[in-house]
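Tertiary structure, described
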Amino acid sequence: GNRQEERSPMDEPKLAMNRRRFIAGLSAAGVGSTLMPGALAAVAQDADEITVEMLEAAQRIAGLRFTPDELQAIVGRLNRSGGTTSAYETLRAANLGNSTQPALVFNPVPPGMTLPRDRRPIRRQEIAVSMPATDTELAFLPLAHLARLVETRQVKPSELTDLYLARLKRYDPILHCVVSFTEELARRQARQADEEIAAGTYRGPLHGIPWGAKDLLAVRGTKTTWGASPYKDRTIDTDATVYRRLTDAGAILIAKLSMGALASGDRWFGGRTRNPWNTEQGSSGSSAGPGSSTAAGLVGFSIGTETRGSIMSPSTRNGVTGLRPTFGRVSRYGAMALSWSMDKIGPMCRAAEDCALVFSAIQGPDGLDNTVLDVPFNWDATADVTRLRVGYLRSSFEDDIEDDPENPQRVARQRQNLANDQAALEAIRGLGVQVAPFDLPDLPVQAVGFILGTEAAAAFDMPTLNAQLDSMRAAPEESRWPDSLRTSRFVPAVEYLQAQRVRMRIIEEVHEALGDFDLFIGSNLALTNLTGHPEISMPNGFFQGSPTSLRFTGKLFGEAEILLLAHAYQTATDHHLRHPSIT
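Residues numbered from 1 in each chain as written. Predicted model: local features only at pLDDT ≥ 70, side-chain atom pairs only at ≥ 80, totals over all residues. Heavy atoms only, no water.

**With respect to the packing of aromatic side chains**
Applying the stated criterion across every chain, the model contains eleven aromatic pairs. Ring geometry for Trp268 and Phe269: centres 5.1 Å apart, planes at 75°, overall edge-to-face. What makes Phe269 partly exposed here is its relative accessible area of 23%. Among the aromatic residues, those joined into a cluster by ring pairs are Trp211, Tyr243 and Phe301. Sitting over the ring of Trp226, Arg234 keeps its end group 4.0 Å from the ring centre. In this structure, Arg503 is placed above the aromatic ring of Phe106, and the distance from its NZ or CZ to the ring centre is 3.8 Å. (Phe/Tyr/Trp six-rings, centres within 6.5 Å; stacked < 30°, edge-to-face > 60°. Buried < 20%, exposed > 50% of the residue type's maximum accessible area, 1.4 Å probe, protein only. Lys NZ or Arg CZ within 6 Å of the ring centre and 35° of its normal.)

Printed below as a string of structure tokens:
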């Protein structure tokens, strides 16, 4: 992989100084010698040796109870010449940056599960589309409709590019959804698309469609900032696989879109990205720019990423249709790593079939991301939706909302969400789909939640130790990452591995609970982001002028099934076709 954070010899004195400052700061904060054994290498630079007192404090954090004799034996090993503390320094000197993949590869497939192998061609819905009367109507069309207009030469890719660039420039001062425009690249790609289509070469439904990328995807010649002030002027000399595949499909990149700093929230170094339905409100995150711009009709589609809610949450807030694929479906090469065992890349669009078309183009192995499995994706928009085996999460549809006089607005929102969900369930039954109640097992999800933070601490180890990320604490980012990453340095390696082992038990439990269901209606983000299951979010109504959402969760590698039910639901309803009036 490319080295995204290089360190020059001039950085060494600063690194040593900041590491000493880091340890001193911990002592001043009352942490002092309460460092875990895995973090004692830093202390060793400022002390002649590690003491039993240090280990006594450290084991309290780890929840351990070693005897004095055992602690004395551990001290002897830690102080041994060439011991573990020396090894830690060797690891830090390796300059791993953010892009080096770990040798341990997470695989969400439980033992005994048979993966699908049959491959069939994509079947799109046959639709007749005529050119809308206004540019605004054109801008808000779903991708599948835009594709038909381009394919039938009712509109040129260059005309769509002009339209979306103009809208981005007009509304970005309100929404703060653009990190950088890629106008020169976009116009070059649009000219090429014009020429190819005029000559009779049509690459497929993404050909000539302008799109926006969450700004953690590297694209040569553009800034890739990760939404964070320490990287706001940084470029990476590589092309992410997702960008390369969309370019090969003929799509036109018009902007790098905002994201919460280091993939958290909707605040970044350029401000706070806004929800176009209510610009007093943030767009949620961390795929803040993709959600906001897609909902506002500023791009044909966008690409977001999710580790623990970063596609689902902004899809809900902004009223777009977002797909979080199964872990191991889409290559993360050229994308910022936050959690190697949880990061996922997916499309954010205006309709379910749009997501299917984009996902079809970006999924599959590339030989560069060693987590990606070669599992076919067979999209058929004409398939019989009544053959799906569908459950609904019983707890999501029970009316157990209690009054809260201190927060009546929250109660009103919960009740409207429930009413919209229940109406959606009836609409799905009206399609002829049989649905049955379904319960997820009670699983220790919170106990293994530190996996994300631990992997993030490894991904950003050096910029944490040298205080490079501290500028993110200030407005407008107001990021909690610097403190969170330092805290995660105190997770014992053994407990991290134990959490991964418990995680496999959780995966097996969910797999067994799903049984013969193809999918269930409902969502549990904390659980399914750990297990790797796919999920889709789409609008199903409104509360006080802002969208509410309906979510489907699929079996592993069951994207086609959740997309089919979402497509059928959207064919019978029009929530996804409504759009905001931005003021």
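**Quick notes on the sheet that holds strand S8 (residues 301-306)**
Two orientations exist for strands paired in a sheet by backbone hydrogen bonds: parallel and antiparallel. Taken in spatial order, the eleven strands of this open sheet run S1-S3-S2-S8-S10-S9-S14-S15-S13-S11-S12, and their pairing is mixed. What marks the edges here is a single partner per strand, and that holds for strand S1 (178-181) and strand S12 (435-438). Ignoring strand direction, the axes of neighbouring strands in this sheet form an average angle of 30°. Examined bridge by bridge, strand S11 (residues 390-393) and strand S13 (residues 519-521) share three bridges and lie parallel to one another. When the bridges of S13 are listed, Gly391 appears paired with Phe520. Taken strand by strand, helix H20 (residues 559-572) contacts strand S9 (321-324), S11, S13, strand S14 (535-543) and strand S15 (546-554), and its axis lies near 25° from that of S14. (Pairing = 2+ DSSP bridges. Helix = DSSP H or I, 4+ residues; strand = E, 2+ residues; numbered from the N terminus. Axes fitted to C-alpha atoms, helices over the stretch in contact; angles between N-to-C directions. Contact = heavy atoms within 4.5 Å.)

**What to know about the pairing of S9**
Where burial is concerned, the two faces of S9 agree: the one with Thr321 and Leu323 and the one with Gly322 and Arg324 are both buried. The pairing of S9 with strand S10 (residues 344-349) spans two bridges and is antiparallel. Each bridged residue has a counterpart across the sheet, and for Thr321 the counterpart in S10 is Cys349. Across three bridges, S9 lies against S14 in antiparallel orientation. Counterpart to Leu323 in the pairing with S14 is Ile536.

**A short note on helix H11 (residues 288-295)**
Of all eight residues in H11, eight are buried; the element is thus mostly enclosed. Within the sequence span of H11, burial applies to Ala288, Gly289, Pro290, Gly291, Ser292, Ser293, Thr294 and Ala295. Just past H11, the residue Gly297 takes up positive phi, approximately 70°.

**Quick notes on the packing of helix H13 (residues 352-362) against H20**
Axis separation between H13 and H20 bottoms out at 8 Å; the angle between their running directions is 150°. Considered as vectors, H13 and H20 are oriented roughly antiparallel to each other. Only Glu559, Leu563, Ala566, His567 and Gln570 of H20 make contact with H13, whose side of the interface consists of Ala352, Glu353, Cys355, Ala356 and Phe359. (Parallel < 35°, antiparallel > 145°, perpendicular 65-115°, else oblique.)

**Concerning the pattern of salt bridges**
Evaluated as defined, the whole model comprises 30 salt bridges. In this structure, Asp374 and Arg119 form a salt bridge, with 2.7 Å as the shortest nitrogen-oxygen distance. Of this pair, Asp374 sits in the loop between H13 and S11 while Arg119 sits in the loop between helix H5 (84-93) and helix H6 (135-139), placing them 255 residues apart in sequence. Overall, Asp374 belongs to the partly exposed group, its relative accessible area being 43%. In this structure, the salt-bridge partner of Glu535 is Arg324, at a minimum N-O distance of 3.6 Å. Taken together, the positions of Glu535 in strand S14 and Arg324 in strand S9 put the pair 211 residues apart, joining distant regions of the chain. Given the relative accessible area of 0%, Glu535 is considered buried. The class of Arg324 is buried, set by a relative accessible area of 0%. (Salt bridge = Lys/Arg side-chain N within 4 Å of Asp/Glu carboxyl O.)

**Topic: the confidence of the model for the protein**
When pLDDT is averaged along the protein, the result is 91, and 91% of the positions lie at 70 or above. Scored below 50 in pLDDT, residues 1-46 makes 85 contacts in the model with residues more than four places away or belonging to other chains. (pLDDT = per-residue confidence, 0-100.)

**Remarks on helix H8 (residues 157-175)**
Residue pairs three or four apart in sequence face the same way in an α-helix, which turns once every 3.6 residues. An ideal rise of 1.5 Å per residue puts 27 Å on 19 residues; H8 measures up with 25 Å between its terminal C-alpha atoms. Along H8, the sharpest change in direction is near 30° and occurs at Lys169; proline Pro173 comes one to four residues later. Among all positions in H8, only Pro157, Leu160, Thr161, Leu163, Tyr164, Leu165, Arg167, Leu168, Tyr171, Asp172 and Leu175 are buried. Positioned one or two residues after H8, His176 has a phi angle of 55°, which is positive. (Expected span 1.5 Å × (residues − 1). Bend = angle between axes of the 7 residues up to and from the residue.)

**Some thoughts on unusual backbone geometry**
The omega angle of the peptide bond from Gly285 to Ser286 is 5°, so this bond is cis rather than trans. On the secondary structure map, Ser286 appears in the loop between strand S7 (278-282) and H11. A cis amide bond, omega 5°, links Ala475 with the succeeding residue Pro476. Looking at the secondary structure, you find Pro476 in the loop between helix H16 (461-465) and helix H17 (481-488). For Phe557, which is not glycine, the phi dihedral falls at a positive 65°. In this structure, Phe557 sits in the loop between S15 and H20.

**Quick notes on the environment of Pro408**
Considering the arrangement of structural elements, one finds Pro408 in helix H14 (residues 408-430). Residue Pro408 is classed as exposed on the basis of its relative accessible area of 53%. Separated by 222 residues in the primary sequence, Pro408 and Ala186 have C-alpha atoms spaced 48 Å apart.

**Describing the side chain of Arg503**
Within the secondary structure layout, Arg503 lies in helix H18 (residues 493-514). One buried charged residue, Arg503, forms no salt bridge at all, with the nearest opposite charge on Glu455 at 4.8 Å. Among all residues touching Arg503, those that are not within four sequence positions of it are Phe106, Ser341, Met342, Ile451, Asn529 and Leu530. (Lys, Arg positive; Asp, Glu negative; His and termini not counted.)

**Describing a negative patch on the surface**
A surface patch of negative charge is lined by Glu398, Asp399, Asp400 and Glu402. With respect to the helices and strands, the residue Asp399 is situated in the loop between S11 and H14. For Asp399, a relative accessible area of 62% translates into the label exposed. (Patch = residues over 30% accessible without salt bridge, like charges linked within 9 Å, V, L, I, M, F, W, Y side chains within 5 Å. Areas by Shrake-Rupley, 256 points an atom, 1.4 Å probe, with all protein chains shown as cover. Charge placed at Lys NZ, Arg CZ, Asp CG, Glu CD.)

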